[in-house]
Amino acid sequence: MMKIGSHISAAKGYAAMGRQAHKLGASTFAFFTRNPRGGSAKALDEADVAAFLAEAQQNGVTGPLVAHAPYTMNACAADPHLREFARDMMREDLARLEHTPGNFYNFHPGSHVGQGAEAGIAFIAAQLNDVLTEDQHTTVLLETMAGKGSEVGRTFEELRAILDGVERAGKMGVCLDTCHVWDGGYDIVNDLDGVLTQFDKVIGLTRLKAVHLNDSMNPLGAHKDRHAQIGAGHIGLDAFRRIVNHPALRGLPFILETPNDDAGWAKEIALLRGMYGEEA
Ligand code: FE
Ligand code: FE
Ligand code: ZN
């Protein structure tokens, strides 16, 4: 079965997210571990988590879930206090996610803000080395970035360099965002095979754990990061048909981060399910 879903508001808790995912026709979903702009996380309600887990099978929301760290978390900020803040946030998020083991925690590697990519990569790996533990049950994913501003992670080589600096690399993976790689200059429209071959050579496809499905408002290599609805941007429907059915991607959780309301996401999920060749 296709693993597909959208971002869902975490405001009402886990059980509400599971029911909402079910309503949208989703089998997985993404959510922000706290307000996407940062701030403290709500206390975890264990009864709510238990209700979610109990209903998940029945609802067909079998995951794996792809939790998203707040955008404000910058592991390679120039200010050491901001790096410390990022580190504490990630540690706290991972502790909470142990209540729903076996899922993913995706984060934007960070922006090096003029310090250079190499310095940024070292800070990001250092944070991961401080935070990851041998007994955690969540896989942490680096997201491929569009290369807006001083974002680290626009190239597969930068992501590989981060992974090379992490001691517990077995706890790490990568989440490929279609809008971001397109904006980053990887032509997934005309050469999906070539891009994935490149990914395999540089990072290794075994590290690829999830896909963010977003069309892009901008042309190849624009470095803008403006998401469009599926089929309404420069990537286009035909490319998405190839993406969801590509043998290297088919089994992965696909998460929509398109500008939409609930009805729009339900429609996109149905559209993508229709494109997904169940027999292949
Ligand atoms: Fe993201
Ligand atoms: Fe994304
Ligand atoms: Zn984005």
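Residues numbered from 1 in each chain as written. Chains lettered and ligands numbered in written order. Predicted model: local features only at pLDDT ≥ 70, side-chain atom pairs only at ≥ 80, totals over all residues. Heavy atoms only, no water.

A. Focus on the overall build of the protein. The helix and strand inventory of the protein stands at nine helices and ten strands. Taken along the three principal axes of its C-alpha coordinates, the protein extends 50 × 45 × 30 Å. Residues counted as buried form 55% of the 280 residues belonging to the protein. Within the protein, residue pairs in contact and separated by at least 24 positions form 77% of the contacts whose partners lie at least 6 positions apart. Approximately 11700 Å² of the protein is accessible, and the part contributed by carbon and sulfur atoms is 52%. The distance from the centre of the 26 positive side-chain charges to the centre of the 35 negative ones in the protein is 2 Å. (Helix = DSSP H or I, 4+ residues; strand = E, 2+ residues; numbered from the N terminus. Buried < 20%, exposed > 50% of the residue type's maximum accessible area, 1.4 Å probe, protein only. Contact = heavy atoms within 4.5 Å. Areas by Shrake-Rupley, 256 points an atom, 1.4 Å probe, with all protein chains shown as cover. Lys, Arg positive; Asp, Glu negative; His and termini not counted. Charge placed at Lys NZ, Arg CZ, Asp CG, Glu CD.)

B. Geometry of the sheet that holds strand E6 (residues 172-177). The sheet built from eight strands is open, its strands ordered E1-E10-E7-E6-E5-E4-E3-E2 with parallel pairing. Looking at the sheet topology across the chains shown, the edges are occupied by strand E1 (4-6) and strand E2 (30-32). Neighbour to neighbour, the strand axes of the sheet diverge by 30° on average, direction disregarded. Bridging between strand E3 (residues 66-68) and strand E4 (residues 104-107) involves three bridges; their strand directions are parallel. Across the sheet, residue alanine 67 finds its bridge partner in E4, namely tyrosine 105. Set on the sheet, helix H9 (residues 262-275) makes contact with E1, strand E7 (208-213) and strand E10 (254-256); between it and E1 the angle comes to about 160°. (Pairing = 2+ DSSP bridges. Axes fitted to C-alpha atoms, helices over the stretch in contact; angles between N-to-C directions.)

C. Just the packing of helix H1 (residues 14-23) against helix H2 (residues 46-59), in detail. Contact pair H1 / H2: the axes reach a minimum separation of 7 Å and the direction vectors enclose 20°. Relative to H2, H1 is oriented roughly parallel. Viewed along their axes, H1 and H2 form a crossing whose handedness is left-handed. From H1, Tyr14, Ala15, Gly18, Arg19 and His22 reach across to H2, where they touch Asp48, Val49, Ala51, Phe52, Glu55 and Asn59. Considered class by class, the residues forming the contact of H1 with H2 number five nonpolar, three polar and three charged. (Parallel < 35°, antiparallel > 145°, perpendicular 65-115°, else oblique. Left-handed = near helix turned anticlockwise from the far one by under 90°. Nonpolar A, V, L, I, M, F, W, Y, C, P; charged D, E, K, R; others polar.)

D. Spatial organisation of the pairing of E7. Within E7, five of the six residues are buried, leaving the element largely enclosed by the surrounding structure. Judged from the four bridges that link them, E6 and E7 form a sheet pairing that is parallel. When the bridges of E7 are listed, valine 174 appears paired with leucine 208. Pairing of E7 with E10 involves three bridges; the strand directions are parallel. Note on E10: the bridge partner recorded for leucine 213 is leucine 256.

E. Looking closely at the pairing of strand E5 (residues 139-143). In terms of burial, E5 is a largely internal element, four of the five residues being buried. Both E4 and E5 contribute to a ladder of four bridges, which runs parallel. From the neighbouring strand, phenylalanine 107 faces E5, where its bridge partner is leucine 142. Taking the sense of rotation as the criterion, the β-α-β connection linking E4, helix H4 (residues 117-131) and E5 turns out right-handed. Crossover E5 to E6 through helix H5 (residues 156-164) is right-handed. (Right-handed = clockwise from strand over helix to strand, strands pointing away.)

F. Just the coordination of the iron ion (ligand 2), in detail. Around the iron ion (ligand 2), the protein contributes the donor atoms Glu143 (OE), Asp177 (OD), His212 (ND1) and Glu257 (OE), at 2.0 to 2.2 Å from the metal centre. Taken together, the four donor atoms coordinating the iron ion (ligand 2) span angles of 82 to 173° at the metal, a pattern that classifies the geometry as irregular. In primary sequence terms, the donor set of the iron ion (ligand 2) follows E-x33-D-x34-H-x44-E. Separating the iron ion (ligand 2) from the iron ion (ligand 1) is a gap of 3.2 Å, which glutamate 143 spans by donating to each of them. Here glutamate 143 is found in strand E5, whereas its partner histidine 212 is found in strand E7, with 69 residues between them in sequence. (Donors = N, O, S within 2.8 Å, 3.2 Å for Na, K, Ca; no water. Tetrahedral: all angles 85-135°; square planar, octahedral: opposite > 155°, others 65-115°.)

G. Spatial organisation of the coordination of the zinc ion (ligand 3). Protein coordination at the zinc ion (ligand 3): the donors are His180 (NE2), Asp225 (OD) and His227 (NE2), at 1.9 to 2.2 Å from the metal. Written as a sequence motif, the donor residues of the zinc ion (ligand 3) are H-x44-D-x1-H. Given a relative accessible area of 17%, aspartate 225 falls into the buried group.

H. Fine view of the nonpolar core. Residues Phe29, Tyr105, Phe107, Leu128, Leu213, Phe254 and Leu272 are the most contacted members of the largest nonpolar core, which totals 72 residues. In this structure, Phe104, Leu141, Cys175 and Ala210 belong to the second largest nonpolar core, which totals seven residues. (Core = buried A, V, L, I, M, F, W, Y, C linked by side-chain atoms within 4.5 Å.)

Such coordinate-based values are descriptive only and should not be taken to indicate function.
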